[in-house]
Amino acid sequence: MNKCPIAKKCGGCQLQNLSYDEQLSLKQSRVIRLVGKYCHVDEIIGMDEPFHYRNKATHALSFRSGRIISGIYQSATRRVVEADSCLLEDEYSCKIVQTVKRLCIDFKIKAYDLNTGRGFFRHVMVRRSAGTKQIMVVLVTAKGDFPKKREFVDALIKRHSDITTVVWNINPTDTPLFLGSKSETLYGDGYITDSLCGLVFRISPRSFYQVNTLQTEVLYGKVREFASLSHSETVIDAYCGTGTIGLTLARDAKRVIGVELNGDSVKDAIENASINGIKNAEFINGDAGEYMQSLAEGKERVDTVITDPPRAGCSRQFLESLLALSPKKVVYVSCNPETLSRDLFTLRKGGYRVKKIQPVDMFPHTEHIETVVLLERSV
Ligand code: SAH
């Protein structure tokens, strides 16, 4: 039985018709089916409270039958499925979205219509840190003047005095891309900080940041346990995003090098190292495969490689260079057990043994499966 009345229309929670225990066993058996041939699969770590775990609420605004609505944007139909709340998103953040919607009515601001290109207000994104309690509101509009923007923000802060910062983002494109490239901070500093694994991380509107903070701590805890560093290692954090994994490991390593394709994330990673006083971590902007190849060609010594690629898995170049570099340990964090299975096959053939496999449920009610794997060089 679906707990959410719009689960079918929205499509975001593919497994909501199952009980949480059933969801966990389904994910467990999928991991066993795909990678169980390589090693025993430890029992998936689920959440005690598998609802409202998302630290980010993202709602589109639209106009329907003469009234403004908010909800989930569906790219397939280019329509907004009306939803005032969501069982996965932070409840208070959803309340802020509703306030923004009401203020649009009070200020007579029109919602944008993707099909006609008319209207002004497109999306609202709220990010809230459970640890620091800081809140960021991003108001995304089509291009043009934001009428009475000061009064609008004042009215928002009056209703939610705990908001830390409000950013106005302008997205003039007629594609459903969420954020445009131009932003203006209307209140506060334009970013918030979150605490994770004893460190603080700066989150800007465009930063990539894990949405489930509680389970991210569990996941990174497993990465740390599997890496079992002893202060003497050179560690590569490949596909490092804003550097969160590498920075949480830096205190146990001699040197950490993160590599990431997205330039904004690399800037955040460098800033995150600095605000945490971490001096033995550096971050490279580039393709992980190319960087690994340059290390292999330079015959660099690397002790441990952490890799956390997107759904497509690691590139061929990445895996070949990893085998050439021949680190003692590899910790593979995967968001797609299918490409994980393919990559483990290559690494096994190249001389690695799969020692541990641990699934972690980062996204309850959805079909997504996160898995951490420890590999060790056999000779
Ligand atoms: N380890 C991070 C981010 C993982 S998401 C965390 O735990 O938060 C995967 C990351 O890989 C994204 O930040 C994406 O921008 C990056 N990425 C995608 N293709 C890449 C490539 N070819 N080389 C380097 N990074 C890449």
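A brief structural summary. Because the structure is a prediction, the values reported are computed rather than measured.

Once that is clear, we can look at empty space enclosed by the protein. The full count for this structure, using the stated rule, is 1 cavity of 30 Å³ or more. One number sums up the size of the largest cavity: a volume of about 30 Å³. Asn-55, Arg-127, Arg-128, Ser-129, Ile-192, Ile-203 and Tyr-209 together form the lining of the largest cavity. Here the lining of the largest cavity is composed, by residue class, of 3 nonpolar, 2 polar and 2 charged.

On to the state of the cysteines. This structure, assessed with the given rule, holds 0 disulfides. Here Cys-39 stays unpaired: no disulfide links it, and the sulfur of Cys-314, its closest cysteine neighbor, is 18 Å away. You can see Cys-240 has no disulfide; the closest cysteine sulfur is in Cys-314, sitting 14 Å from it. The class of Cys-240 is buried, set by a relative accessible area of 6%.

As a further point, take the site of the ligand. Close to the ligand lie 16 residues; Tyr-220, Glu-260, Asp-287, Ala-288 and Asp-308 are nearest. The separation between a nitrogen atom of the ligand and a polar side-chain atom of Asp-287 is 2.7 Å. In isolation the ligand has 570 Å² of accessible area, and contact with the protein removes 84% of it. Considered class by class, the residues forming the shell around the ligand number 8 nonpolar, 5 polar and 3 charged.

Glancing now at the layout of surface pockets. If a probe the size of a water molecule is rolled over the atoms, the empty space left behind becomes visible. The volume enclosed by the second largest pocket comes to roughly 340 Å³. Listed by contribution, the elements that provide at least two residues to the lining of the second largest pocket are strand 8 (192–196) and helix 5 (213–227). For the lining of the second largest pocket, the leading source of residues is helix 5, giving 3 residues. Of the residues that constitute the lining of the second largest pocket, the class distribution is 5 nonpolar, 7 polar and 7 charged. The residue makeup of the lining of the second largest pocket includes at least three contributed by each of domain 1 (8–49 + 212–377) and domain 2 (56–190).

Turning our attention to the packing of aromatic side chains. The geometry of two aromatic rings is summed up by the distance between their centres and the angle between their planes. Evaluated as defined, the whole model comprises 7 aromatic pairs. Relative to Phe-146, the ring of Phe-120 lies with its centre 5.7 Å away and its plane at 65°, an arrangement referred to as edge-to-face. Here the residue Phe-120 occupies a position in the loop between helix 3 (91–106) and strand 4 (121–128), and Phe-146 occupies one in the loop between strand 5 (135–141) and helix 4 (149–159), the gap between them amounting to 26 residues. Phe-120 gets classed as buried once you look at its relative accessible area, which sits at 9%. For the ring pair Tyr-239 and Phe-318, a centre distance of 5.4 Å and an interplane angle of 50° mean the geometry is tilted. Of this pair, Tyr-239 sits in the loop between strand 10 (234–238) and helix 6 (244–250) while Phe-318 sits in helix 9 (residues 316–325), and the two are 79 residues apart along the sequence. For Phe-318, a relative accessible area of 0% corresponds to the buried category. Three or more aromatic residues link up through ring pairs in this structure, and these residues are Phe-107, Phe-120, Phe-121, Phe-146, Phe-152 and Trp-168.

Another aspect to go through is the environment of Asp-308. With respect to the secondary-structure elements, Asp-308 resides in the loop between strand 13 (304–307) and helix 9. Distance from Asp-308 to Ser-326, taken between C-alpha atoms, is 18 Å for residues 18 residues apart in sequence. In this structure Asp-308 touches Gln-210, Ala-238, Tyr-239, Ile-245, Val-333 and Glu-370, once residues within four positions along its chain are discounted.

Parameters at a glance
Residues numbered from 1 in each chain as written. Predicted model: local features only at pLDDT ≥ 70, side-chain atom pairs only at ≥ 80, totals over all residues. Heavy atoms only, no water. 1 Å grid on protein atoms, 1.4 Å probe; cavity = no way out; pocket = protein on both sides within 12 Å on 5 of 7 lines; lining within 4 Å. Points joined across faces, edges and corners; volume = space filled by probe spheres on them. Nonpolar A, V, L, I, M, F, W, Y, C, P; charged D, E, K, R; others polar. Disulfide = S-S within 2.5 Å. Buried < 20%, exposed > 50% of the residue type's maximum accessible area, 1.4 Å probe, protein only. Near = heavy atom within 4 Å. Polar contact = N/O pair within 3.5 Å; in protein donor to acceptor, adjacent residues only side chain to side chain. Areas by Shrake-Rupley, 256 points an atom, 1.4 Å probe, with all protein chains shown as cover. Helix = DSSP H or I, 4+ residues; strand = E, 2+ residues; numbered from the N terminus. Domains from an automatic or database assignment. Phe/Tyr/Trp six-rings, centres within 6.5 Å; stacked < 30°, edge-to-face > 60°. Contact = heavy atoms within 4.5 Å.

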